[in-house]
Amino acid sequence: MVFNVSSALTDTLYRRPYTDPEAKLRLRSDTELLHLDVVITECCSLKCRDCSNLMQYYECPENIASDDIIGDLKKLFECMRVRELKLLGGEPFVNQKALTEVMIYLSDTASESIDMINIITNGTIIPGDECLQAIKNNPKTMITFSNYGKLSPGQNEFAELCSKLGIRYTLIDETYFWLDYGRVIKYDESVAFVRRQYKHCYSRKNCNTLYRGSLYACPRQAHGIRLGLLPDVKDEYVGLHDPQYGSSDELRRAVLGLVRRNKEISACHYCLNGKYIHVPRAVQKA
Ligand code: SF4
Ligand code: SF4
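Now for a quick tour of the structure. Everything numeric in this text was worked out from a predicted model, so none of it was measured. (Residues numbered from 1 in each chain as written. Chains lettered and ligands numbered in written order. Predicted model: local features only at pLDDT ≥ 70, side-chain atom pairs only at ≥ 80, totals over all residues.)

**Focus: the overall build of the protein**
Move 1: For the protein, the helix and strand inventory stands at ten helices and eleven strands.
Move 2: Whereas a compact globule of 286 residues would reach a radius of gyration of roughly 19 Å, the protein reaches 18 Å, a difference of no more than 12%.
Move 3: Seen along its three principal axes, the alpha-carbon backbone of the protein occupies a region of about 50 × 45 × 40 Å.
Move 4: Burial status across the protein gives 37% buried among its 286 residues.
Move 5: If you take every contact in the protein between residues at least 6 apart in sequence, the share linking residues at least 24 apart comes to 82%. (Helix = DSSP H or I, 4+ residues; strand = E, 2+ residues; numbered from the N terminus. Rg over C-alpha atoms; globule rule 2.2 N^0.38 Å. Buried ≥ 20, exposed ≤ 12 C-beta atoms within 10 Å, placed from the backbone. Contact = placed C-beta atoms within 7 Å.)

What follows is the structure, encoded as structure tokens:
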């Protein structure tokens, strides 16, 4: 089945400021994350100049081992469920081995811990049979094609395979725009601007990111710290295996503290998404 995301919907998603239909639900959900981005790889088959996840800055990107991802998910699932779990990179199909093993884990022992899996792909790679089978075997799974036109040469063939195998997929509307998050430098914006930007930020509400053992407010924070472009402020993310969380309940409270945090994080001083400047999608870095 094909779902087309209408431009009216995407406009609504990015209306300024971002209207937050899940605000109350987020505050009521004590044992559930509404959305979680899980990084499968830092590698990408494209190099988008304005990638908000900062993949364009990796000089030696690495795949994440499936054991590490599964170990992190197991730790998280001891205290929280997840409604929508997104698997992404970079381009997740670059790391098909890990993606396949994570899908098998999510379809088996972790099945009760999630409601929906969404695999985000740029449509450059057509997965092999084993990976497709692992996706097909989990009816909670949907593929989202970013739909970058000529930059997504495998998309049509992959979508046809999905139709044949009964895998749900959606194509992002081509008129969908990106917001310019700006280069990763410290901006001289007012405290009021930074606070407002954080308060209305789509990423921190919909894209909390699980990456290399920690849970971050947003992917820009996660990768910016890894890349050494952002300050590494320990109390602004949650180390899932940190011994300071002696019980799963302590970890759950720390995760909720991150998800419900009112105060901006340091990374927001290095970000401009609250300017709502539109940029064309997927312009490749020279
Ligand atoms: S926007 Fe997507 S396709 Fe482009 S570099 Fe980032 S992860 Fe890769
Ligand atoms: S750095 Fe702050 S404003 Fe920018 S995407 Fe992350 S949470 Fe949002």
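**Examining the site of ligand 2**
Move 1: Residues in contact with ligand 2 amount to 14 residues; listed here are only the nearest, Cys201, Cys218, Ala267, Cys268 and Cys271.
Move 2: Only α7 (191-199), α8 (202-206) and α9 (219-226) provide two or more residues apiece to the shell around ligand 2. (Near = placed C-beta within 6 Å.)

**Concerning unusual backbone geometry**
Move 1: The residue after Gly89, namely Gly90, is reached through a cis peptide bond having omega 10°.
Move 2: Residue position: Gly90 is located in the loop between β3 (81-88) and α4 (96-107).
Move 3: One non-glycine residue, Arg212, lies in the positive phi region at around 50°.
Move 4: According to the C-beta neighbour criterion, Arg212 is partly exposed, with 18 such atoms within 10 Å.

**What about the environment of Val82?**
Move 1: Among the secondary structure elements, Val82 is positioned in strand β3.
Move 2: A residue is classified by how many C-beta atoms lie within 10 Å of it, and Val82, with 24 of them, is buried.
Move 3: Aside from chain neighbours lying at most four places away, what touches Val82 is Leu33, Leu36, Ser113 and Ile114.

**What about helix α5 (residues 129-136)?**
Move 1: Listing the buried residues of α5 in full gives Cys131, Ala134 and Ile135. For α5, the arc enclosing every buried residue in end-on projection is 100°, short of the 170-degree limit, so these residues lie on one face.
Move 2: Lining the buried residues of α5 we find α4, β4 (114-121) and β5 (141-145). (Arc of directions from axis to C-beta.)

**Details of the environment of Ala282**
Move 1: Tracing the backbone through its elements, the reader meets Ala282 in the segment after β11 (278-279).
Move 2: Take Ala282: there are 20 C-beta atoms within 10 Å of it, and that puts it in the buried class.
Move 3: Counting along the chain gives 104 residues from Ala282 to Trp178, while the straight-line C-alpha distance between them is 8.7 Å.
Move 4: Setting aside residues up to four positions removed in sequence, Ala282 forms contacts with Leu46, Cys48, Tyr148 and Leu151.

**A look at the environment of Cys48**
Move 1: One can find Cys48 in the loop between β2 (32-39) and α3 (66-77).
Move 2: Between the alpha carbons of Cys48 and Lys285 there is a distance of 5.6 Å; along the sequence they are 237 residues apart.
Move 3: Sequence-distant contacts of Cys48, that is, excluding residues within four places in its chain, are made with Gln56, Ala282, Val283, Gln284 and Lys285.

**Here we look at the site of ligand 1**
Move 1: In the vicinity of ligand 1 there are 13 residues, among which Cys44, Leu46, Cys48, Cys51 and Asn122 approach most closely.
Move 2: Residues belonging to the shell around ligand 1 are distributed by class as follows: six nonpolar, five polar and two charged. (Nonpolar A, V, L, I, M, F, W, Y, C, P; charged D, E, K, R; others polar.)

**Side note on the pairing of strand β6 (residues 168-171)**
Move 1: By the bridge criterion, four bridges tie β5 to β6 in an arrangement that is parallel. Within β6, the position partnered with Met142 by the bridge is Arg168.
Move 2: Traced from β5 through helix α6 (residues 155-165) to β6, the parallel crossover comes out right-handed. (Pairing = 2+ DSSP bridges. Right-handed = clockwise from strand over helix to strand, strands pointing away.)

**With respect to the pairing of β3**
Move 1: By the bridge criterion, seven bridges tie β2 to β3 in an arrangement that is parallel. The residue bridging Leu36 from the neighbouring strand is Leu85, located in β3.
Move 2: Remark: the β2/α3/β3 crossover connection has right-handed handedness.
Move 3: Bridging between β3 and β4 involves five bridges; their strand directions are parallel. Its bridge partner being in β4, Val82 is matched across the sheet by Ile114.

**Let's talk about helix α10 (residues 248-259)**
Move 1: When the terminal C-alpha atoms of α10 are compared, their 16 Å separation across twelve residues agrees well with the 16 Å that a helix rising 1.5 Å per residue should span.
Move 2: When we look at burial in α10, the residues that qualify are Leu251, Ala254, Val255 and Val259. Buried residues in α10, looked at end-on, bunch into an arc of 135°, giving them a common side. Exposed residues lying more than 90 degrees from the buried face of α10 are Asp249 and Gly257.
Move 3: The secondary structure elements touched by the buried residues of α10 are α2 (23-28), β2, β9 (214-216) and β10 (238-239). (Expected span 1.5 Å × (residues − 1).)

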